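Working through the structure, step by step
Here are the chains, one letter per residue:
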Amino acid sequence: MAGGHRLLLENARQVVLVCTRGERFLTRSSLHTLAVLEGASLVVGTDGFIKAIGPADAIQVLTAGETFEEKIDCSGKCILPGLVDAHTHPVWAGERVHEFAMKLAGATYMEIHQAGGGINFTVERTCQASEEELFSSFQQRLGCMMRAGTTLVECKSGYGLSLETELKMLRVIERARRELDIGISATYCGAHAVPRGKTATEAADDIIHNHLPKLKELGRSGEIHVDNIDVFCEKGVFDLDSTRRILQSGKDIGLQINFHGDELHPMKAAELGAELGAQAVSHLEEASDEGIAAMATARCSAVLLPTTAYMLRLKPPRARKMLDEGVIVALGSDFNPNAYCFSMPTVMHLACVNLRMSMPEALAAATINAAYALGKSHTHGSLEIGKQGDLIIINSSRWEHLIYQFGGHHELIEYVIVKGKVIYKKQ
């Protein structure tokens, strides 16, 4: 280990590696206990990648005479991989707190949507907002996520619907990707709702013939980088046929398929995801047994969103069934005006209590498996030599406190680190 390095984390009580053999995801029995080192240290190089992890005394010998830009004494603390939020809608304008009151009074999601609220309300406000206004609120939201331990986040468009406003949202996401430290996976979600005055078929045609060719062109010129394509496959929104056409067209221009399915009604979206080779399907509250089995076989990850089922009082997705069948289960916050939650520790807690996941299952779902859902588990989601140095340090002698302390992450998280650089330090 010659030369200078960026970061040395010394003498941690626990270092949660999650994986040790370069696994791209964890399922079944590999989730029963996660790889944890006791009394360990970790080195991140100047390139931002992990160079060494091991027992503190061995790392001390290995790094004798080395220089570091920063050293942190982690005695009595735990080091975990940075959390990965696999599903968010963080770029929008307008306030929907009044809809929360309507829901509490008994209105359903689709009743609010059909009365001109929901997505349509946010679309209007987002269309009116300037790019600068959208970037400013987006940056602030990403800061909240980062302080809650998120170092990689999936960010969707989808409150534009028109090509012009969708591109405005994607430019805002692209700017954040270039300017901010937090990692971003960008998703085009122009099929989030059917625009007023159009049928689902007409909206799908517009996306396939106008939106996607433009995205391909902007991708080639390097102006906007998009990773994933998403569709809200739901009764009264995009049916299975329109969803298939849009997703396949997105795949044809090199986008990963990662879409909303089987949330409010059984739509056979899980089966469709498996058939199309989707990287991920989100929600899945109403997924069928056949769909779950197909996703397991196809290695299509299930991004579960405990906040949504909780806030909309839906029946939760069948996480235990999925885990037992060998589905790659990931978690997301679903941050949006309808489910206002920045915190992956809160999401993990809800996953344990309401979805009946164990703490190791929940942490894997918010690290390696969430990274897999974004096609990034070769570089993110675990602490292994050669992977990106994204991690959090918590002031606790056991890692489980990050999940156990409901709403307690503000006090627990002392450092958030991306590529070996401290991007947040608790005052």
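As the structure is a prediction and not an experimental result, all values here were calculated from the model. (Residues numbered from 1 in each chain as written. Predicted model: local features only at pLDDT ≥ 70, side-chain atom pairs only at ≥ 80, totals over all residues. Heavy atoms only, no water.)

**Section: the overall build of the protein chain**
Across its full length, the protein chain carries 17 helices and 16 strands. Computed over the C-alpha atoms, the radius of gyration of the protein chain is 21 Å, within 12% of the 22 Å expected from 2.2 N^0.38 for a compact globule of 427 residues. A principal-axis box enclosing the C-alpha atoms of the protein chain has dimensions of 70 × 45 × 40 Å. Scored against the burial criterion, the 427 residues of the protein chain give a buried share of 61%. Long-range contacts, defined as pairs at least 24 residues apart, comprise 73% of the intrachain contacts of the protein chain with a sequence gap of at least 6. If you sum the accessible surface of the protein chain, you get close to 16200 Å²; carbon and sulfur atoms cover 49% of it. Side-chain charges in the protein chain split into 43 positive and 51 negative, and the spacing between the mean points of these groups amounts to 1 Å. (Helix = DSSP H or I, 4+ residues; strand = E, 2+ residues; numbered from the N terminus. Rg over C-alpha atoms; globule rule 2.2 N^0.38 Å. Buried < 20%, exposed > 50% of the residue type's maximum accessible area, 1.4 Å probe, protein only. Contact = heavy atoms within 4.5 Å. Areas by Shrake-Rupley, 256 points an atom, 1.4 Å probe, with all protein chains shown as cover. Lys, Arg positive; Asp, Glu negative; His and termini not counted. Charge placed at Lys NZ, Arg CZ, Asp CG, Glu CD.)

**Quick look at the sheet that holds strand β6 (residues 83-85)**
Hydrogen bonding along the main chain pairs the strands of a sheet, whether they run parallel or antiparallel. The parallel open sheet is built from 8 strands, whose spatial order is β6-β7-β8-β9-β10-β11-β12-β13. In the strand order of this sheet, the two ends are held by β6 and β13 (329-331), each with one partner. Averaged over all neighbouring strand pairs, the angle between strand axes comes to 25°, with direction disregarded. The sheet contact formed by strand β9 (residues 228-233) and strand β10 (residues 256-261) spans 4 bridges and is parallel. Considered in β10, the bridge of isoleucine 229 is made with isoleucine 257. The strands touched by helix α5 (residues 131-147) within the sheet are β7 (150-156) and β8 (183-191), with β7 carrying the most contacts at an inclination of about 140°. In the packing of helix α13 (residues 344-354) onto the sheet, the strands contacted are β6, β7 and β13, and the crossing angle to β6 comes to about 80°. (Pairing = 2+ DSSP bridges. Axes fitted to C-alpha atoms, helices over the stretch in contact; angles between N-to-C directions.)

**Looking at the pairing of strand β2 (residues 35-44)**
Sheet topology note: the strand β1 (residues 4-18)/β2 ladder contains 8 bridges and is antiparallel. Residue valine 18 lies in a different strand from β2, and its bridge partner there is alanine 35. Summarising the sheet, β2 and strand β3 (residues 50-55) pair through 5 bridges and their orientation is antiparallel. Across the sheet, serine 41 pairs through a bridge with glycine 54, a residue of β3. Counting the residues between successive antiparallel strands, the hairpin from β2 to β3 contains 5 residues, one of them, glycine 48, with a positive phi of roughly 90°.

**Some thoughts on the side chain of threonine 126**
Looking at the element boundaries, threonine 126 is found in helix α4 (residues 119-128). A residue is classified by how much of its surface remains accessible, and threonine 126, at 0% relative accessible area, is buried. Beyond its immediate sequence surroundings of up to four residues, threonine 126 is in contact with Trp92, Ala93, Leu134, Tyr159, Thr165, Lys168 and Met169.

**A few points about α5**
Its 17 residues give α5 an end-to-end C-alpha distance of 24 Å, which sits within 8% of 24 Å, the value for a rise of 1.5 Å per residue. Buried within α5 we find Leu134, Phe135, Ser137, Phe138, Arg141, Leu142, Gly143, Cys144, Met145 and Met146. Immediately beyond the C-terminal end of α5, within one or two residues, lies glycine 149, with a positive phi of roughly 100°. (Expected span 1.5 Å × (residues − 1).)

**Some words on helix α9 (residues 269-276)**
With 7 of its 8 residues buried, α9 lies for the most part within the structure. Among all positions in α9, only Ala269, Ala270, Glu271, Leu272, Gly273, Ala274 and Leu276 are buried. Among the structural elements, β9, α8 (240-252), β10, β11 (280-283) and α10 (289-298) are those in contact with the buried residues of α9. Phi turns positive one or two residues past the end of α9, at glycine 277, with a value near 70°.

**Here's the deal with the pattern of salt bridges**
Inspection of the entire model under this criterion finds 26 salt bridges. In this structure, glutamate 179 and arginine 175 form a salt bridge, with 3.1 Å as the shortest nitrogen-oxygen distance. Here glutamate 179 pairs with arginine 175, and both are found in helix α6 (residues 163-179), just 4 residues apart, close to one helical turn. Through salt bridges with shared partners, a single ionic network connects Glu124, Arg125 and Arg196. (Salt bridge = Lys/Arg side-chain N within 4 Å of Asp/Glu carboxyl O.)

**Quick word on the packing of aromatic side chains**
Per the stated rule, a full pass over the model turns up 6 aromatic pairs. When the centroid spacing of 5.3 Å and the interplanar angle of 75° are considered together, the rings of tyrosine 340 and phenylalanine 342 count as edge-to-face. Judged by relative accessible area, which is 45%, tyrosine 340 ranks as partly exposed. Site record: aromatic cluster; members linked through ring pairs are Trp92, Phe335, Tyr340 and Phe342. Geometry around tryptophan 92 places arginine 141 over its ring, the cationic atom sitting 3.7 Å from the centre. One cation-aromatic arrangement involves arginine 175 over phenylalanine 135; the distance from NZ or CZ to the ring centre is 3.7 Å. (Phe/Tyr/Trp six-rings, centres within 6.5 Å; stacked < 30°, edge-to-face > 60°. Lys NZ or Arg CZ within 6 Å of the ring centre and 35° of its normal.)

**Overview of a nonpolar patch on the surface**
On the surface, Val97, Phe100 and Leu104 cluster together into a nonpolar patch covering about 290 Å² of accessible area. As for its position among the elements, valine 97 is in helix α2 (residues 97-104). Residue valine 97 is classed as exposed on the basis of its relative accessible area of 55%. (Patch = residues over 30% accessible without salt bridge, like charges linked within 9 Å, V, L, I, M, F, W, Y side chains within 5 Å.)

**As for the environment of lysine 214**
On the secondary structure map, lysine 214 appears in helix α7 (residues 200-220). Classification of lysine 214 by relative accessible area gives partly exposed; the value is 29%. A sequence separation of 87 residues divides lysine 214 from cysteine 127, and the C-alpha atoms of the two residues are 19 Å apart. Filtering out sequence-adjacent residues up to four positions away, lysine 214 remains in contact with Leu163 and Leu167.

**A few points about the confidence of the model for the protein chain**
Confidence in the prediction of the protein chain, expressed as mean pLDDT, is 96, and 99% of residues score 70 or more. Least confident of the elements in the protein chain is helix α3 (residues 109-114), whose mean pLDDT is 84; most confident is β6, at 99. (pLDDT = per-residue confidence, 0-100.)

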